[in-house]
Amino acid sequence: MKSFRKYLWFNTSGRRDYINITREVSACLKESKIQEGLCLVNAMHITASVYINDDESGLIQDYDDWLEKLAPHAPVDQYRHNRTMEDNGDAHLKRQIMGREVVVAVTEGELDMGPWEQIFYGEFDGRRKKRVLVKIIGE
Ligand code: ZN
């Protein structure tokens, strides 16, 4: 069995961002030369997510509005977590909803996804360097 491991790095200019990383993950798969197996993509930070959905600007704005309704950033003192002098209590909750990782089947050297599926990095407490792990195993 072959195994491949690589980090993708992000440093978003805003607090929240949604970045399509499908091309970067596909590039990892090509580099791995794995034809059949599984590809795990996970955020290495507790205030960021990796998820799969449609790349459509209206939907991305809908996600952001929905997450802000569920866990508004402000006022920051509404979160017990922020008593630790942090201000990212909302980002922990947003991450929980949007998930930590995705696993995609690898078939004939390609990411085996549905027609509209795209892999996203969801950032909820950006403006600093953060990373995503890509781990691919197979033959
Ligand atoms: Zn925190």
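Because the structure is a prediction, the values reported are computed rather than measured. (Residues numbered from 1 in each chain as written. Predicted model: local features only at pLDDT ≥ 70, side-chain atom pairs only at ≥ 80, totals over all residues. Heavy atoms only, no water.)

Draft legend 1. Representation of the overall build of the protein chain in the model. A tally of helices and strands in the protein chain yields three helices and eight strands. The helix and strand sequence of the protein chain, counted from the amino end, reads β-β-α-β-β-α-α-β-β-β-β. Oriented by its inertia axes, the alpha-carbon framework of the protein chain measures out at about 50 × 30 × 20 Å. Looking at the protein chain residue by residue over its 139 residues, the buried ones come to 42%. (Helix = DSSP H or I, 4+ residues; strand = E, 2+ residues; numbered from the N terminus. Buried < 20%, exposed > 50% of the residue type's maximum accessible area, 1.4 Å probe, protein only.)

Draft legend 2. Local environment of the nonpolar core. Residues Leu8, Ile21, Val25, Cys39, Val41, Ile119 and Ile136 are the most contacted members of the largest nonpolar core, which totals 22 residues. Breaking this core down by element, the ones donating at least two residues are β1 (2-10), α1 (22-32), β3 (37-43), β4 (48-53), β5 (101-107), β7 (118-123) and β8 (130-138). In this structure, valine 25 is in contact with Leu8, Cys39, Val41, Leu111 and Ile119, ignoring residues within four places of it in sequence. (Core = buried A, V, L, I, M, F, W, Y, C linked by side-chain atoms within 4.5 Å. Contact = heavy atoms within 4.5 Å.)

Draft legend 3. View of a negative patch on the surface. On the surface, a cluster of negative charge is contributed by Asp55, Glu56, Asp62 and Asp65. Considering the arrangement of structural elements, one finds aspartate 55 in the loop between β4 and α2 (57-70). (Patch = residues over 30% accessible without salt bridge, like charges linked within 9 Å, V, L, I, M, F, W, Y side chains within 5 Å. Areas by Shrake-Rupley, 256 points an atom, 1.4 Å probe, with all protein chains shown as cover. Salt bridge = Lys/Arg side-chain N within 4 Å of Asp/Glu carboxyl O. Lys, Arg positive; Asp, Glu negative; His and termini not counted. Charge placed at Lys NZ, Arg CZ, Asp CG, Glu CD.)

Draft legend 4. Spotlight on a nonpolar patch on the surface. A contiguous nonpolar patch, built from Met1, Leu38, Val103 and Ile137 and spanning about 400 Å² of accessible area, is present on the exposed surface. With respect to the element layout, leucine 38 can be found in strand β3.

Draft legend 5. Geometry of the coordination of the zinc ion. Within the protein, the zinc ion binds to His81 (NE2), Glu86 (OE), Asn88 (OD1) and His92 (NE2); these donor distances fall in the range 2.0 to 2.5 Å. In this structure, the zinc ion is surrounded by four donor atoms whose angles at the metal cover 86 to 154°, and the resulting shape is irregular. Coordination of the zinc ion draws on donor residues from a single chain, spaced H-x4-E-x1-N-x3-H in sequence. Residue histidine 81 is classed as partly exposed on the basis of its relative accessible area, which comes to 29%. On the basis of relative accessible area, asparagine 88 is assigned to the buried category, the value being 4%. (Donors = N, O, S within 2.8 Å, 3.2 Å for Na, K, Ca; no water. Tetrahedral: all angles 85-135°; square planar, octahedral: opposite > 155°, others 65-115°.)

Draft legend 6. Seen up close, the packing of α2 against helix α3 (residues 89-98). It is the contact of α2 with α3, at a shortest axis distance of 10 Å, that shows an interaxial angle of 125°. Compared by their axis directions, α2 and α3 come out oblique. Here α2 runs over α3; the crossing is right-handed. Contacts from Tyr63, Trp66, Leu67, Glu68 and Leu70 in α2 reach Asp90, Lys94, Ile97 and Met98 in α3. Tallied by class, residues from the contact of α2 with α3 come to six nonpolar, no polar and three charged. (Axes fitted to C-alpha atoms, helices over the stretch in contact; angles between N-to-C directions. Parallel < 35°, antiparallel > 145°, perpendicular 65-115°, else oblique. Left-handed = near helix turned anticlockwise from the far one by under 90°. Nonpolar A, V, L, I, M, F, W, Y, C, P; charged D, E, K, R; others polar.)

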